[in-house]
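Structural description and commentary
The primary structure of each chain is shown beneath.
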Amino acid sequence: MIATRFILRRIRVVLQWMVVAFFGSTILAVVALRFIPVYFTPLMFIRLAQQVSDGKELKMHHHWVSLDEMSPSLPVAVIASEDQRFMQHHGFDFKAIEHAAKRNLTQKNKRKLGASTISQQTAKNVFLWPGRTWVRKGLEAYFTSLIELMWSKQRIMEVYLNSIEMGDGIYGASAVAEYHFDCEAKELSRSQCALIAATLPNPRKFDSSAPSDYMKRRQRKIMHEMRFIPAFPKEGHDK
(Lines give C-alpha, C1' and ligand atoms only; values in the text may rest on other atoms or scores of the structure.)
Protein backbone atom coordinates (compact mmCIF):
# COMPACT_ATOMS: atom_id res chain seq x y z
CA MET A 1 0.00 0.00 0.00
CA ILE A 2 2.81 2.39 0.92
CA ALA A 3 4.68 1.45 -2.27
CA THR A 4 1.57 2.15 -4.36
CA ARG A 5 1.09 5.60 -2.81
CA PHE A 6 4.77 6.37 -3.40
CA ILE A 7 4.51 5.37 -7.08
CA LEU A 8 1.35 7.43 -7.57
CA ARG A 9 2.97 10.43 -5.89
CA ARG A 10 6.01 10.13 -8.18
CA ILE A 11 3.78 9.87 -11.25
CA ARG A 12 1.88 12.99 -10.13
CA VAL A 13 5.13 14.92 -9.65
CA VAL A 14 6.41 13.85 -13.08
CA LEU A 15 3.13 14.86 -14.72
CA GLN A 16 3.19 18.24 -12.96
CA TRP A 17 6.72 18.90 -14.21
CA MET A 18 5.73 17.83 -17.72
CA VAL A 19 2.87 20.35 -17.68
CA VAL A 20 5.18 23.11 -16.36
CA ALA A 21 7.79 22.24 -19.01
CA PHE A 22 5.19 22.29 -21.79
CA PHE A 23 3.71 25.66 -20.89
CA GLY A 24 7.09 27.17 -20.08
CA SER A 25 8.76 26.06 -23.32
CA THR A 26 5.85 27.02 -25.57
CA ILE A 27 5.46 30.46 -24.01
CA LEU A 28 9.21 31.07 -24.32
CA ALA A 29 9.10 29.95 -27.97
CA VAL A 30 6.26 32.35 -28.77
CA VAL A 31 8.04 35.21 -26.99
CA ALA A 32 11.29 34.49 -28.85
CA LEU A 33 9.62 34.31 -32.26
CA ARG A 34 8.05 37.70 -31.63
CA PHE A 35 11.53 39.03 -32.46
CA ILE A 36 13.44 36.24 -34.26
CA PRO A 37 12.76 35.44 -37.94
CA VAL A 38 11.14 32.05 -38.58
CA TYR A 39 13.59 30.38 -40.94
CA PHE A 40 12.09 26.87 -40.84
CA THR A 41 8.70 25.36 -40.09
CA PRO A 42 7.56 21.76 -39.44
CA LEU A 43 5.80 21.71 -42.84
CA MET A 44 9.06 22.49 -44.64
CA PHE A 45 10.72 19.44 -43.10
CA ILE A 46 7.65 17.29 -43.81
CA ARG A 47 7.74 18.30 -47.49
CA LEU A 48 11.48 17.52 -47.68
CA ALA A 49 10.83 14.07 -46.18
CA GLN A 50 8.05 13.50 -48.73
CA GLN A 51 10.40 14.47 -51.56
CA VAL A 52 13.01 12.00 -50.30
CA SER A 53 10.46 9.18 -49.99
CA ASP A 54 9.17 9.93 -53.53
CA GLY A 55 12.70 9.94 -54.93
CA LYS A 56 12.40 13.57 -56.03
CA GLU A 57 15.00 16.29 -56.05
CA LEU A 58 15.03 18.25 -52.77
CA LYS A 59 13.38 21.61 -53.25
CA MET A 60 12.94 24.30 -50.61
CA HIS A 61 13.02 28.01 -51.41
CA HIS A 62 12.57 30.36 -48.48
CA HIS A 63 14.04 33.81 -47.81
CA TRP A 64 12.86 35.81 -44.80
CA VAL A 65 12.01 39.45 -45.50
CA SER A 66 10.39 42.03 -43.24
CA LEU A 67 6.87 43.28 -43.85
CA ASP A 68 8.34 46.59 -45.05
CA GLU A 69 10.17 44.68 -47.78
CA MET A 70 6.93 43.28 -49.21
CA SER A 71 4.44 44.89 -51.54
CA PRO A 72 1.82 46.73 -49.44
CA SER A 73 -0.82 45.02 -51.60
CA LEU A 74 0.12 41.54 -50.38
CA PRO A 75 -1.34 41.79 -46.84
CA VAL A 76 -4.47 43.38 -48.30
CA ALA A 77 -4.79 40.56 -50.86
CA VAL A 78 -4.53 37.75 -48.30
CA ILE A 79 -6.97 39.51 -45.96
CA ALA A 80 -9.43 39.86 -48.86
CA SER A 81 -9.00 36.20 -49.76
CA GLU A 82 -8.48 34.45 -46.43
CA ASP A 83 -9.68 36.50 -43.46
CA GLN A 84 -11.52 39.78 -44.01
CA ARG A 85 -12.04 40.35 -40.27
CA PHE A 86 -8.36 39.83 -39.44
CA MET A 87 -7.91 43.26 -37.86
CA GLN A 88 -11.12 42.94 -35.80
CA HIS A 89 -11.01 39.45 -34.30
CA HIS A 90 -8.70 38.08 -31.61
CA GLY A 91 -7.63 34.92 -33.38
CA PHE A 92 -11.00 33.27 -34.03
CA ASP A 93 -13.73 34.58 -36.33
CA PHE A 94 -16.84 33.21 -34.66
CA LYS A 95 -19.14 34.67 -37.33
CA ALA A 96 -17.21 32.81 -40.02
CA ILE A 97 -17.23 29.63 -37.91
CA GLU A 98 -21.02 29.84 -37.51
CA HIS A 99 -21.50 30.50 -41.22
CA ALA A 100 -19.24 27.59 -42.19
CA ALA A 101 -20.99 25.22 -39.78
CA LYS A 102 -24.45 26.11 -41.13
CA ARG A 103 -23.32 25.83 -44.74
CA ASN A 104 -21.59 22.49 -44.19
CA LEU A 105 -24.67 21.05 -42.46
CA THR A 106 -27.15 22.20 -45.11
CA GLN A 107 -24.98 21.53 -48.19
CA LYS A 108 -23.37 18.21 -47.37
CA ASN A 109 -22.53 17.30 -50.97
CA LYS A 110 -20.40 20.40 -51.54
CA ARG A 111 -16.77 20.96 -50.55
CA LYS A 112 -16.48 21.68 -46.83
CA LEU A 113 -16.17 25.38 -46.06
CA GLY A 114 -13.43 26.30 -43.60
CA ALA A 115 -13.21 29.25 -41.21
CA SER A 116 -9.54 29.23 -40.29
CA THR A 117 -8.17 32.72 -39.67
CA ILE A 118 -4.74 34.04 -40.64
CA SER A 119 -3.79 33.82 -36.96
CA GLN A 120 -4.79 30.15 -36.81
CA GLN A 121 -2.92 29.37 -40.02
CA THR A 122 0.18 31.12 -38.66
CA ALA A 123 0.02 29.14 -35.42
CA LYS A 124 -0.35 25.89 -37.39
CA ASN A 125 2.44 26.71 -39.86
CA VAL A 126 5.01 27.75 -37.26
CA PHE A 127 4.37 25.44 -34.31
CA LEU A 128 2.44 22.40 -35.56
CA TRP A 129 1.93 19.88 -38.34
CA PRO A 130 -0.85 19.34 -40.90
CA GLY A 131 -3.78 17.29 -39.68
CA ARG A 132 -7.37 17.31 -38.48
CA THR A 133 -7.19 15.47 -35.16
CA TRP A 134 -8.75 16.97 -32.06
CA VAL A 135 -5.35 17.08 -30.36
CA ARG A 136 -3.84 19.14 -33.18
CA LYS A 137 -6.87 21.44 -33.32
CA GLY A 138 -6.64 21.95 -29.57
CA LEU A 139 -2.95 22.84 -29.82
CA GLU A 140 -3.75 25.16 -32.72
CA ALA A 141 -6.27 27.02 -30.56
CA TYR A 142 -3.70 27.24 -27.75
CA PHE A 143 -0.93 28.66 -29.96
CA THR A 144 -3.38 30.99 -31.71
CA SER A 145 -4.35 32.47 -28.36
CA LEU A 146 -0.69 32.87 -27.40
CA ILE A 147 0.37 34.69 -30.57
CA GLU A 148 -2.69 36.95 -30.46
CA LEU A 149 -1.78 37.82 -26.87
CA MET A 150 1.97 38.31 -27.39
CA TRP A 151 2.36 39.39 -31.02
CA SER A 152 1.00 42.40 -32.85
CA LYS A 153 -1.21 41.94 -35.90
CA GLN A 154 1.72 43.19 -37.98
CA ARG A 155 4.00 40.46 -36.60
CA ILE A 156 1.38 37.79 -37.21
CA MET A 157 1.01 38.97 -40.81
CA GLU A 158 4.79 39.17 -41.28
CA VAL A 159 5.32 35.60 -40.04
CA TYR A 160 2.33 34.34 -42.06
CA LEU A 161 3.57 35.87 -45.32
CA ASN A 162 7.05 34.46 -44.73
CA SER A 163 6.06 30.93 -43.71
CA ILE A 164 2.99 30.11 -45.82
CA GLU A 165 3.42 27.54 -48.59
CA MET A 166 3.00 29.35 -51.93
CA GLY A 167 3.98 26.64 -54.41
CA ASP A 168 5.89 23.39 -54.78
CA GLY A 169 8.89 23.89 -52.48
CA ILE A 170 8.19 27.63 -52.29
CA TYR A 171 7.55 29.31 -48.94
CA GLY A 172 6.87 32.97 -48.35
CA ALA A 173 6.58 36.21 -50.27
CA SER A 174 10.24 36.59 -51.27
CA ALA A 175 10.54 33.10 -52.76
CA VAL A 176 7.28 33.24 -54.73
CA ALA A 177 8.18 36.69 -56.07
CA GLU A 178 11.58 35.41 -57.23
CA TYR A 179 10.58 32.04 -58.67
CA HIS A 180 7.13 32.87 -60.09
CA PHE A 181 7.41 36.54 -61.05
CA ASP A 182 11.17 37.19 -61.36
CA CYS A 183 11.11 40.17 -59.02
CA GLU A 184 11.53 41.09 -55.36
CA ALA A 185 8.67 40.85 -52.88
CA LYS A 186 8.39 44.64 -52.71
CA GLU A 187 7.98 44.85 -56.51
CA LEU A 188 4.92 42.58 -56.70
CA SER A 189 2.03 44.32 -58.39
CA ARG A 190 -1.50 44.48 -57.03
CA SER A 191 -2.71 41.90 -59.55
CA GLN A 192 0.22 39.57 -58.78
CA CYS A 193 -0.56 39.79 -55.07
CA ALA A 194 -4.18 38.89 -55.78
CA LEU A 195 -3.03 35.94 -57.88
CA ILE A 196 -0.75 34.69 -55.08
CA ALA A 197 -3.63 34.99 -52.60
CA ALA A 198 -5.84 33.02 -55.00
CA THR A 199 -3.52 30.00 -54.72
CA LEU A 200 -3.55 29.77 -50.93
CA PRO A 201 -6.42 27.28 -50.51
CA ASN A 202 -4.17 24.76 -52.29
CA PRO A 203 -0.80 26.19 -53.42
CA ARG A 204 0.47 22.80 -54.62
CA LYS A 205 -2.48 22.48 -57.00
CA PHE A 206 -2.86 26.11 -58.07
CA ASP A 207 0.20 27.70 -59.68
CA SER A 208 0.49 31.50 -59.62
CA SER A 209 3.15 31.36 -62.37
CA ALA A 210 0.75 29.61 -64.79
CA PRO A 211 -2.80 30.48 -63.70
CA SER A 212 -5.80 28.62 -65.08
CA ASP A 213 -9.05 30.34 -66.04
CA TYR A 214 -10.41 29.39 -62.62
CA MET A 215 -7.44 31.07 -60.96
CA LYS A 216 -7.94 34.22 -63.02
CA ARG A 217 -11.58 34.38 -61.93
CA ARG A 218 -10.50 34.07 -58.31
CA GLN A 219 -7.89 36.76 -58.90
CA ARG A 220 -10.53 39.18 -60.25
CA LYS A 221 -12.81 38.46 -57.31
CA ILE A 222 -10.01 39.10 -54.81
CA MET A 223 -9.03 42.34 -56.56
CA HIS A 224 -12.66 43.46 -56.28
CA GLU A 225 -12.71 42.67 -52.54
CA MET A 226 -9.39 44.49 -52.06
CA ARG A 227 -11.10 47.76 -53.00
CA PHE A 228 -13.05 47.64 -49.74
CA ILE A 229 -10.10 46.84 -47.46
CA PRO A 230 -7.95 49.71 -46.15
CA ALA A 231 -4.19 49.66 -46.53
CA PHE A 232 -2.63 47.36 -43.95
CA PRO A 233 -1.50 49.55 -41.01
CA LYS A 234 2.10 49.80 -39.89
CA GLU A 235 3.15 48.78 -36.37
CA GLY A 236 1.52 51.05 -33.80
CA HIS A 237 -1.08 52.44 -36.22
CA ASP A 238 -3.84 49.84 -35.87
CA LYS A 239 -6.56 52.30 -35.02
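Residues numbered from 1 in each chain as written. Predicted model: local features only at pLDDT ≥ 70, side-chain atom pairs only at ≥ 80, totals over all residues. Heavy atoms only, no water.

**Comments concerning the side chain of Asp83**
Formally: Helix and strand assignments come from DSSP, with helices taken as H or I runs of at least 4 residues and strands as E runs of at least 2, each series counted from the N terminus. Remark: exposure states derive from per-residue accessible area (1.4 Å probe, protein chains only) relative to the maximum for the residue type, with buried under 20%, exposed over 50%, and partly exposed in between. Charge assignment: positive for Lys and Arg, negative for Asp and Glu; neither His nor the chain ends contribute. Here, a salt bridge means any side-chain nitrogen of Lys or Arg that lies within 4 Å of a carboxyl oxygen of Asp or Glu. Two N or O atoms count as a polar contact when they lie within 3.5 Å, although within protein this holds only if one can serve as hydrogen donor and the other as acceptor, and sequence-adjacent residues are included solely when both atoms are side-chain atoms. Every residue pair with non-hydrogen atoms within 4.5 Å of one another is taken to be in contact.
Mapped onto the elements of the fold, Asp83 is located in the loop between helix H3 (73–82) and helix H4 (94–106). Buried within the structure, Asp83 lacks any salt-bridge partner; its nearest side chain of opposite charge belongs to Lys153, at an N-O separation of 6.3 Å. One polar contact links the side chain of Asp83 to the main-chain amide nitrogen of Ile118, over a distance of 3.0 Å. Not counting chain neighbours up to four residues away, the residues in contact with Asp83 comprise Val78, His89, Asp93, Thr117 and Ile118.

**Here's the deal with the nonpolar core**
Here is the rule: Throughout, nonpolar core names a set of buried Ala, Val, Leu, Ile, Met, Phe, Trp, Tyr and Cys residues whose side chains join them through atoms within 4.5 Å.
Judged by nonpolar contacts, the single largest core of 53 residues is most densely connected at Phe127, Met157 and Leu161. Other than its neighbours up to four places away in sequence, Met157 contacts Leu67, Pro75, Val78, Ile79, Phe86, Ile118 and Phe232.

**A word on helix H10 (residues 213–226)**
Heads up, the rule is: For a helix, the expected span equals 1.5 Å multiplied by the residue count minus one. Think of the arc as the fan of directions from the helix axis to the C-beta atoms.
An ideal rise of 1.5 Å per residue puts 20 Å on 14 residues; H10 measures up with 20 Å between its terminal C-alpha atoms. Taken as a whole, H10 has its buried residues at Met215, Gln219, Ile222 and Met226. What you see down the axis of H10 is that its buried residues fit within an arc of 70°, all on one side. Exposed and oriented more than 90 degrees from the buried face of H10 are Asp213, Arg220 and Lys221. Close packing links the buried residues of H10 with H3 and helix H9 (190–199).

**Overview of the sheet that holds strand S3 (residues 170–171)**
Selection rule: Pairing between strands is defined by DSSP: at least two bridges between them are needed.
In spatial order, the strands read S1-S3-S2; together these 3 strands make up an open sheet with mixed pairing. A single partner strand is all that each edge strand has here, and the edge strands are strand S1 (61–62) and strand S2 (165–167). Where S1 meets S3, 2 bridges bridge the pair, whose relative direction is parallel. Of the residues in S3, the one forming a bridge with His62 is Tyr171.

**A few points about the pattern of salt bridges**
As enumerated under the stated definition, the model contains 8 salt bridges in all. The closest approach of N and O atoms between Glu140 and Arg136, which form a salt bridge, is 2.9 Å. Remark: Arg136 and Glu140 occur in helix H6 (residues 134–150); sequence separation between them is 4 residues, near one turn of the helix. The exposure classification of Glu140 matches that of Arg136, with both residues buried. As a salt-bridge pair, Arg155 and Glu158 come within 2.7 Å of each other at their nearest N and O atoms. Residue Arg155 and its partner Glu158 are both found in helix H7 (residues 153–163); the two are separated by 3 residues, about one turn of the helix. You'll find Arg155 and Glu158 in the same group, each marked buried. One salt-bridge network, in which partners are shared between bridges, spans Arg47, Glu165 and Arg204.

**Focus on a nonpolar patch on the surface**
Basically, it comes down to this: For patches, a residue must show more than 30% relative accessible area and have no salt bridge; joins then use 9 Å for like charges and 5 Å for nonpolar side chains, namely Val, Leu, Ile, Met, Phe, Trp and Tyr. Shrake-Rupley sampling with a 1.4 Å probe provides the accessible areas, and residues are treated as covered by the protein chains on show and by no other component.
Together, Val19, Phe22, Phe23, Ile27, Val31, Phe35 and Ile36 make up an exposed nonpolar region whose accessible area comes to about 610 Å². Relative to the helices and strands, Phe23 resides in helix H1 (residues 2–32).

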